Amino acid sequence: MSTKKRNWKPQTALVHGGTLRSGFGETSEAMYLTQGYVYETAQAAEARFKGEEPGFIYSRYANPTVDMFEKRMCALEGAEDARATASGMAAVSAALLCSVKAGDHIVAARALFGSCRWVVETLAPRYGIQATLVDGTDIANWEKAIRPNTKLFFLESPTNPTLEVVDIAAVAALANSIGARLIVDNVFATPLQQKPLQLGAHIVVYSATKHIDGQGRCLGGVILSDKKWIDENLHDYFRHTGPSLSPFNAWTLLKGLETLPLRVRQQSESAGKIADFLAGRPEIARVIYPGRADHPQADIVKKQMSGGSTLICLDVKGGKQAAFALQNALDIVLISNNLGDAKSLITHPATTTHKNLSDDARAELGIGAGTLRLSVGLEDTDDLLADVEQALKAAK
């Protein structure tokens, strides 16, 4: 397929971008299940290892199917280069750890997925990397946390699970002013509804396990940035530590990308209607949804997001007992700690995804005993509304 740059819209790029075809001219992307590659001559092998001849060397470094996935993600994100990883946390860990060394300092928003907080709070300090967590919604907090050795900012927006939104452009500008880099975990917004690189971020990470696959089939992650940063920082880390994505999972994720716009559009539309319904129910103490005017950072949402979200955060009156009763009464919506799936999923963060945080840390993040995270799927919207309504009545 021609590699010339095309001015494609996302829906087209997600079907055709980065496609490589073998001599058989296959319609669907080929799955190259191979560990290694052969060379016609010893001289050709030497030239390839020297970088003088293009081609693949070993699938831990690069693979044709994985390469297609990376190129398609670049076309969607507007990035120069990417590396695909075995999971979302592999992407987060690689992006963070390849960017800093002993003696450096990281400033991160405190509203992070539990495993992300562990990498920042627990793992990084073991290697002499200092870290400070801040309330990321106020740019003044980022400014106060800066030290002479601050090299990296890290945030997710919207956050997991309370859907806080951080001003990416403001944090990126601050990072630029001190020569630091900003990493944004963009999972909840998806690359369709928020473009961190266009807002000034330097690196974007995804758990492709979520919306990109979107059908509960496989794990995956991806890191996107400019080619210079990847060549100088990520390339050797990636090559020698081996967090690479399997070709089979890359092929599955390519198939997921083809339908991503259709799925996210429908899921977000349903989520908006369900959020509005929940906001009017007496059993619910609070609803947080980026598409609503009462979102705590509604002005920032309007500035940096082109859509709402597929996720809703809600607080049920009556605490854990009421939250559990609501989950157990649901018929269509499934109890699961995953998100971004074709199936609607609900989780109780305090006892699952964020259970390892202290009570005080959860309280700081706004995660209470009655907090639930609802990931809206592709079921009929009216069926979902009816299911939520009957569960609210049963829980009462």
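Residues numbered from 1 in each chain as written. Predicted model: local features only at pLDDT ≥ 70, side-chain atom pairs only at ≥ 80, totals over all residues. Heavy atoms only, no water.

Caption draft 1: Broad picture of helix α13 (residues 319–329). Considered for burial, the residues of α13 that qualify are Gly319, Ala322, Ala323, Leu326 and Gln327. Mapping the buried residues of α13 onto a view down its axis gives an arc of 135 degrees, with all of them on the same face. Across from the buried face of α13, at angles greater than 90 degrees, the exposed residues are Gln321 and Asn328. Where the residues of α13 are buried, they touch β9 (311–316), β10 (334–335), β11 (345–347), β12 (371–375) and α15 (381–395). (Buried < 20%, exposed > 50% of the residue type's maximum accessible area, 1.4 Å probe, protein only. Helix = DSSP H or I, 4+ residues; strand = E, 2+ residues; numbered from the N terminus. Arc of directions from axis to C-beta. Contact = heavy atoms within 4.5 Å.)

Caption draft 2: Local environment of the packing of aromatic side chains. Going through the model one piece at a time under the given rule, you end up with 4 aromatic pairs. Between Trp142 and Phe153, the ring centres sit 5.4 Å apart and the planes meet at 50 degrees, which makes this aromatic pair tilted. In this pair, Trp142 sits in helix α6 (residues 139–145) while Phe153 sits in strand β4 (residues 150–156), placing the two residues 11 residues apart along the sequence. Here Trp142 matches Phe153 in class, with each residue buried. Directly above the ring of Tyr61 sits Arg239, whose terminal nitrogen or CZ lies 4.0 Å from the centroid. (Phe/Tyr/Trp six-rings, centres within 6.5 Å; stacked < 30°, edge-to-face > 60°. Lys NZ or Arg CZ within 6 Å of the ring centre and 35° of its normal.)

Caption draft 3: Spatial organisation of the pairing of β4. Summarising burial for β4: 6 of the 7 residues are buried, a large majority. Both strand β2 (residues 105–109) and β4 contribute to a ladder of 4 bridges, which runs parallel. Considered in β4, the bridge of Val107 is made with Phe153. Note: β4 against strand β5 (residues 181–185), 5 bridges, orientation parallel. Residue Phe154 lies in a different strand from β5, and its bridge partner there is Ile183. (Pairing = 2+ DSSP bridges.)

Caption draft 4: Local environment of the pairing of β12. Most of β12 sits out of view: 5 of its 5 residues are buried. Residues Thr371, Arg373 and Ser375 point to one face of β12 and Leu372 and Leu374 to the other, with burial holding for every one of them. In terms of strand pairing, β9 meets β12 through 5 bridges, oriented antiparallel. Opposite Leu314, over in β12, you have Leu372 as the bridge partner. By the bridge criterion, 3 bridges tie β11 to β12 in an arrangement that is antiparallel. Looking across to β12, one finds that Thr347 is bridged to Arg373.

Caption draft 5: Spatial organisation of the environment of Thr190. Inspection of the secondary structure assignment puts Thr190 in helix α8 (residues 190–193). For Thr190, a relative accessible area of 1% puts it in the buried group. Taking the C-alpha atoms as reference points, Thr190 and Tyr206, 16 residues apart in sequence, are found 8.3 Å from one another. Not counting residues within four places of it along the chain, the set of residues in contact with Thr190 comprises Tyr206, His211 and Val264.

Caption draft 6: Layout of the pattern of salt bridges. Using the criterion set out here, one finds 22 salt bridges in the structure. Measuring nitrogen to oxygen at the nearest pair gives 2.8 Å for the salt bridge that ties Arg72 to Glu29. Separated by 43 residues along the polypeptide, Arg72 in helix α3 (residues 64–77) and Glu29 in the loop between α1 (10–16) and α2 (42–50) bring together distant segments of the chain. Take Arg72 and Glu29: they sit in the same class, and that class is buried. Residues Lys273 and Glu269 are paired through a salt bridge, measuring 3.7 Å at the closest nitrogen-oxygen approach. With Lys273 and Glu269 both in helix α11 (residues 247–279) and 4 residues apart, this pair spans about one turn of that helix. A relative accessible area of 45% places Lys273 in the partly exposed class. Connected through salt bridges with shared partners, the residues Glu29, Arg72, Lys255 and Glu258 form a single ionic network. (Salt bridge = Lys/Arg side-chain N within 4 Å of Asp/Glu carboxyl O.)

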